[in-house]
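Examination of the molecular architecture
Each chain, letter by letter, is given below.
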Amino acid sequence: MSSHDIAADLRAEAADLDAADPLRSLRDRYLTPEGTDLVAYFDGNSLGRPVAAAAEQLQSFVAGPWGDRLIRSWDEQWLDWPTRIGDRIGELVLGAGPGQTFVGDSTTVLLYKLSRAAVDAQVARGRDEIVLDTDNFPTDRYVLEGIAAERGLTLRWIEADERAGVTLEQVRAVVGPKTALAVFSHVAYRSGFIADGAGITAAVREAGGLVLWDLSHTGGSVPVQFDEWGVDLAVGCTYKYLNGGPGAPAWAYVAQRHHGTLRQPIWGWIGRRDAFQMGPGYDPADGLRSFISGTPPILAMVPLQASLDVIAEAGIEAIRAKSVALTEFVIRLADDLLAPLGVEIASPRDSSIRGGHVTLRRNGFREITATLWTQGVIPDYRDPDGIRIGVAPLSTSFDEVVVGMLALRDTIVEFDAADGPRS
Ligand SMILES: *Cc1c(COP(=O)(O)O)cnc(C)c1O
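Notes on the structure in this doc start here. (Residues numbered from 1 in each chain as written. Predicted model: local features only at pLDDT ≥ 70, side-chain atom pairs only at ≥ 80, totals over all residues. Heavy atoms only, no water.)

Considerations on the pattern of salt bridges
Counted under the stated rule, the structure contains 27 salt bridges. Salt-bridge contacts for Glu76 lead to Arg69; the nearest nitrogen and oxygen are separated by 2.5 Å. On the accessibility criterion, Glu76 (43% relative accessible area) is partly exposed. The shortest N-O distance in the salt bridge between Arg116 and Asp120 comes to 3.1 Å. Of this pair, Arg116 and Asp120 both sit in helix α5 (residues 107–123), four residues apart, which is roughly one turn of that helix. We classify Arg116 as buried; its relative accessible area is 15%. For Asp120, a relative accessible area of 23% puts it in the partly exposed group. (Salt bridge = Lys/Arg side-chain N within 4 Å of Asp/Glu carboxyl O. Buried < 20%, exposed > 50% of the residue type's maximum accessible area, 1.4 Å probe, protein only. Helix = DSSP H or I, 4+ residues; strand = E, 2+ residues; numbered from the N terminus.)

Some remarks on the nonpolar core
One finds Ile89, Phe184, Ile200, Trp213, Phe226, Trp251 and Leu394 to be the most contacted residues of the largest nonpolar core, which totals 58 residues. For this core, the element with the most residues is helix α10 (residues 302–314), which contributes seven residues. A domain-level breakdown of this core finds at least three residues from each of domain 1 (3–52 + 315–419) and domain 2 (77–312). Look past the residues within four positions of Ile200 in its chain and what remains in contact with it is Val166, Thr167, Leu168, Val171, Phe184, Ala195 and Trp213. If you look at the next biggest cluster of nonpolar residues, it comprises 35 residues, including Phe329, Ala334, Leu338 and Leu408. (Core = buried A, V, L, I, M, F, W, Y, C linked by side-chain atoms within 4.5 Å. Domains from an automatic or database assignment. Contact = heavy atoms within 4.5 Å.)

Considering the packing of helix α4 (residues 81–94) against α10
At a closest axis distance of 11 Å, the pairing of α4 and α10 adopts a crossing angle of 25°. What the angle tells us is that α4 and α10 run roughly parallel. When you trace α4 past α10, the crossing you get is left-handed. Side by side, α4 and α10 meet where Trp81, Arg84, Ile85, Arg88, Ile89, Leu92 and Val93 of the first sit next to Val302, Leu304, Gln305, Leu308, Asp309, Ile311 and Ala312 of the second. Of the residues belonging to the contact of α4 with α10, the class tally is 10 nonpolar, one polar and three charged. (Axes fitted to C-alpha atoms, helices over the stretch in contact; angles between N-to-C directions. Parallel < 35°, antiparallel > 145°, perpendicular 65-115°, else oblique. Left-handed = near helix turned anticlockwise from the far one by under 90°. Nonpolar A, V, L, I, M, F, W, Y, C, P; charged D, E, K, R; others polar.)

Remarks on the site of the ligand
As a matter of local geometry, the ligand sits amid Ser106, Thr107, Thr108, Phe137, Thr139, Asp140, Ser185, Asp214, Ser216, His217, Tyr239 and Lys240. Contact distances for the ligand include 2.5 Å between an oxygen atom and a side-chain N or O atom of Thr108. At 2.5 Å from an oxygen atom of the ligand is found a side-chain nitrogen or oxygen belonging to Lys240. At the level of secondary structure, the elements contributing two or more residues to the shell around the ligand comprise α5 and α6 (138–151). Here the residues of the shell around the ligand sort into two nonpolar, seven polar and three charged. (Near = heavy atom within 4 Å. Polar contact = N/O pair within 3.5 Å; in protein donor to acceptor, adjacent residues only side chain to side chain.)

Observations concerning the sheet that holds strand β10 (residues 357–361)
Spatial ordering of the open sheet is given by β9-β10-β13-β12, a layout of four strands whose pairing is antiparallel. Of all the strands in the sheet, just β9 (344–345) and β12 (380–382) have a single pairing partner and so form its edges. (Pairing = 2+ DSSP bridges.)

Let's talk about α10
The element α10 is extensively covered by neighbouring structure, given that 10 of its 13 residues are classed as buried. Listed as buried for α10 are Val302, Pro303, Leu304, Gln305, Ala306, Ser307, Leu308, Val310, Ile311 and Ala314. Buried residues belonging to α10 abut α2 (53–66), α4, β2 (101–103) and α11 (316–338). With its phi angle positive at about 85°, Gly315 sits one or two positions after the end of α10.

Notes on the pairing of strand β4 (residues 154–158)
Each regular strand carries side chains that alternate between the two faces of the sheet. Relative to β4, strand β3 (residues 129–133) runs parallel, the two sharing five bridges. Bridge pairing links Val131 to Arg156 in β4. Between the parallel pair β3 and β4, the chain is carried across by α6, and the sense of this crossover is right-handed. (Right-handed = clockwise from strand over helix to strand, strands pointing away.)

Topic: unusual backbone geometry
For the bond from Asp383 to Pro384, the omega torsion is 5°, close enough to zero to count as cis. With respect to the helices and strands, Pro384 occurs in the loop between β12 and β13 (386–390). Its identity as a non-glycine residue notwithstanding, Leu70 has a phi of 50°, on the positive side. The class for Leu70 is partly exposed, based on a relative accessible area of 46%. At Asp274, a residue that is not glycine, the phi angle is positive and equals roughly 50°. The residue Asp274 is located in the loop between β8 (251–254) and α10 in this model.

Topic: a nonpolar patch on the surface
Together, Val62, Trp66, Leu70, Ile71 and Leu299 make up a nonpolar patch on the protein surface, roughly 490 Å² of accessible area in all. Inspection of the secondary structure puts Leu70 in the loop between α2 and α3 (72–76). (Patch = residues over 30% accessible without salt bridge, like charges linked within 9 Å, V, L, I, M, F, W, Y side chains within 5 Å. Areas by Shrake-Rupley, 256 points an atom, 1.4 Å probe, with all protein chains shown as cover.)

Comments concerning the sheet that holds strand β6 (residues 210–214)
Spatial strand order, β2-β8-β7-β6-β5-β3-β4: seven strands in an open sheet with mixed pairing. Each edge of the sheet is formed by a strand with only one pairing partner; in this case those strands are β2 and β4. On average, adjacent strands in this sheet sit at an angle of 20° to one another, irrespective of strand direction. Relative to β8, β2 runs antiparallel, the two being bridged by three bridges. What sits directly across from Thr101, in β8, is Tyr253. The strands that α4 touches are β2 and β8; relative to β2, the one it contacts most, it runs at about 120°.

Written out as structure tokens, the structure reads:
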């Protein structure tokens, strides 16, 4: 079969898959600007596309609550936004009951606040080790290195497989009476591997440690059950599969049982009891509010709410089902079209342990990605030789996957032709 026939067949197959997709109508909720050069967006795991309604909602926010109600809006609604939107995220995507999730600072800052709160409580009980893994997202590693230096703690590193991630066996082997805190990503940013959330949580807690999960690559893509698993703490960003926009504020989860006992290190005025009395000395507010430091980033929560409306309409289980179908399709196309060109799959093949993206590896991917970007085909490149095909389930069609993967194949072929035969 000619390359032309293969392409036509694949596009016909994708058209059938799109027609049968129960979430297909929701794709129109995402903005496709007129005149865009976008052909295939494969980076929804890094920056989600905007919901079209976000633009109107930002405009009416400026005219109404901000421009018209002005300072009155703090009392009328804004002070409750961090916990109200947090509850929504908890219910829609985290399996978390109300009063345990809030939206606030960046993921990095929340990671610091929660990790410090956890180790401070645990050091008092003679526990001085933080368990983490070598393949966690850089900010997680750096923040924990900083806390260890600040508090004189020991980092207990797990060597994670870059093509998979941290396993329950590895965690069991290192946790013990010294464990203060263990921090892992639920979906590995590199490979897309899904860690055993329930099993690892139980193992850390049985050892007397606290567990903190980073859900940045999970939230809005892979369902989790925080309350059921007994998770202690968690954080996650909102600009990936939650489509909150660049730099949108992150969320944090603190299990009810830790309210009033864990104390975070940034004692700001909004987290104080009776904040508006502006009294002397810091006295933490009850419940989750003590985890908030200063004035919440209200403006940046507007697009996030527009996106959560679409997620609510779809439901996380349907989102996950489509995500699995999309990544399975990516893997099949990679096997058929790209494996003969030397491309390897560096993500789990088993869908039950693979999140929303597929990582491919090959020499030349840095240059090949740069060429693809000029053509409106947008994966992302990660050293040493990986590209991630991040197919956000709500905004990506099967046809987009075919067109993008064909462009990737053609670009590899051109790269090799220009580069001469590989040695
Ligand atoms: C994207 C991501 C972050 C981002 O942290 P920021 O503070 O928003 O820069 C953190 N952790 C993981 C695992 C991520 O994937």
